[in-house]
Amino acid sequence: MPESREDTIVDITVVGEGAVLAAPDVLRLYAGVEARRQSAAEAFTAARAAAARLAGALREEGVADEDVRTVELSLGPEYESYPKVSAYRAAQGVEVVVRDLARADRVIDTVAGIGEEARLNGVSFELSDPAAALAEARTRAFRDAAAKAARYAELAGRPLGRVVSVAEEVRGGPQPLALAAAGAAEDRSSLGPGRQSLAVTVRVGYDFAR
């Protein structure tokens, strides 16, 4: 007869941790355009024109259309002293995926080169395929949990039984890095991807052998 959940008894619960360092191979660039004009229509028109130039420049640089995603579109007043409007601000932001890190500097220079409307808001690095790194982190986490459970069973003077529950938590992923527009094109060393930590925490429940 299959064992019911009520019959499952967890005698030992341990937490195992495993982490793997991997080199990112994808850059996400957060950029866009911004325009301030005396009227809302003028600001919006200027921002949209700059956004079109940006899209065209990225396309010429070899960035695929599917790797450019609009993440902001805004228009609103700026006040000298409320309710007196001093100007109108329009902005359009994009997230650009750069799949070849060797081209990252050129893509950033392309954004900065479209004119005074250009904005660089930051970058993040990530793994295009984290599956292998996560698999290794899971193995390390489970081994860590098993070692702890065996030690606790030994301390308790009881033989360790089977695993009766497993739950995991994955940590890691892209971390945004602030990028100052004034120094973006010159300080290329600031774009080093380094290595990214992918960590798995696993909570494992065991029973005692009977």
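Above this text sits the structure in question.
Computed from a predicted structure; not experimentally measured.

Definitions and limits used
Residues numbered from 1 in each chain as written. Predicted model: local features only at pLDDT ≥ 70, side-chain atom pairs only at ≥ 80, totals over all residues. Heavy atoms only, no water. Helix = DSSP H or I, 4+ residues; strand = E, 2+ residues; numbered from the N terminus. Buried < 20%, exposed > 50% of the residue type's maximum accessible area, 1.4 Å probe, protein only. Polar contact = N/O pair within 3.5 Å; in protein donor to acceptor, adjacent residues only side chain to side chain. Arc of directions from axis to C-beta. Contact = heavy atoms within 4.5 Å. Core = buried A, V, L, I, M, F, W, Y, C linked by side-chain atoms within 4.5 Å. Expected span 1.5 Å × (residues − 1). Axes fitted to C-alpha atoms, helices over the stretch in contact; angles between N-to-C directions. Parallel < 35°, antiparallel > 145°, perpendicular 65-115°, else oblique. Left-handed = near helix turned anticlockwise from the far one by under 90°. Nonpolar A, V, L, I, M, F, W, Y, C, P; charged D, E, K, R; others polar. Pairing = 2+ DSSP bridges.

Caption draft 1: Focus on the side chain of D67. Residue position: D67 is located in the loop between helix 1 (40-60) and strand 3 (68-81). Judged by its relative accessible area of 11%, D67 is buried. At 2.7 Å, the side chain of D67 and the side chain of R99 are in polar contact.

Caption draft 2: Examining helix 2 (residues 104-112) more closely. For helix 2, every residue scored as buried is listed here: A104, V107, I108, T110 and V111. Mapping the buried residues of helix 2 onto a view down its axis gives an arc of 155°, with all of them on the same face. Packed against the buried residues of helix 2 are strand 2 (26-37), helix 1, strand 4 (84-98) and strand 5 (118-126).

Caption draft 3: Summary view of the nonpolar core. Core analysis: the biggest nonpolar cluster contains 23 residues, and L29, L54, L58, V96, V107 and V111 have the highest contact counts within it. Mapped onto this core, the elements with two or more residues apiece are strand 2, helix 1, strand 4, helix 2 and strand 5. When residues in this core are grouped by element, the largest group, five residues, is from helix 1. Those residues in contact with L58 that lie beyond four places of it in its chain are V63, V68, V96, V107, T110 and V111. L134, V202, Y206 and F208 belong to the second largest nonpolar core, which has 18 residues in total.

Caption draft 4: Up close: the environment of P24. Note on placement: P24 falls in the loop between strand 1 (12-22) and strand 2. The buried category is assigned to P24, whose relative accessible area is 7%. Each C-alpha atom of the pair P24 and S128 lies 7.6 Å from the other, and the pair is 104 residues apart in sequence. Residues in contact with P24, not counting those within four places in the same chain, are L101, F125, E126, L127, P193, G194, R195 and Q196.

Caption draft 5: A look at helix 3 (residues 131-156). If you check helix 3, its first and last C-alpha atoms are 37 Å apart, about what 26 residues at 1.5 Å a residue would give, namely 38 Å. For helix 3, the set of buried residues is A133, L134, A137, A141, A145, A149 and A153. Positioned one or two residues after helix 3, G157 has a phi angle of 70°, which is positive.

Caption draft 6: Broad picture of the packing of helix 1 against helix 2. Relative orientation of the contacting elements helix 1 and helix 2 amounts to 155°, with a least axis distance of 9 Å. Judged by the inter-axis angle, helix 1 sits roughly antiparallel to helix 2. Crossing of helix 1 over helix 2 shows right-handed handedness. Residues L54, A57 and L58 of helix 1 form the contact with helix 2, whose participating residues are V107, T110 and V111. Residue composition of the contact of helix 1 with helix 2, by class: five nonpolar, one polar and no charged.

Caption draft 7: View of the sheet that holds strand 3. Read across the sheet, four strands follow the order 3-4-2-5 without closing on themselves; strand pairing throughout is antiparallel. Two strands close off the open sheet at either side, each with one partner strand: strand 3 and strand 5. Averaged over all pairs of adjacent strands, the angle between strand axes in this sheet comes to 15°, irrespective of strand direction. In terms of strand pairing, strand 3 meets strand 4 through 12 bridges, oriented antiparallel. Opposite S74, over in strand 4, you have A91 as the bridge partner. Each of strand 2, strand 4 and strand 5 is contacted by helix 2, which is oriented at about 160° to strand 5, the strand it contacts most.

So far we have only geometry, and geometry alone does not tell us how the molecule works.
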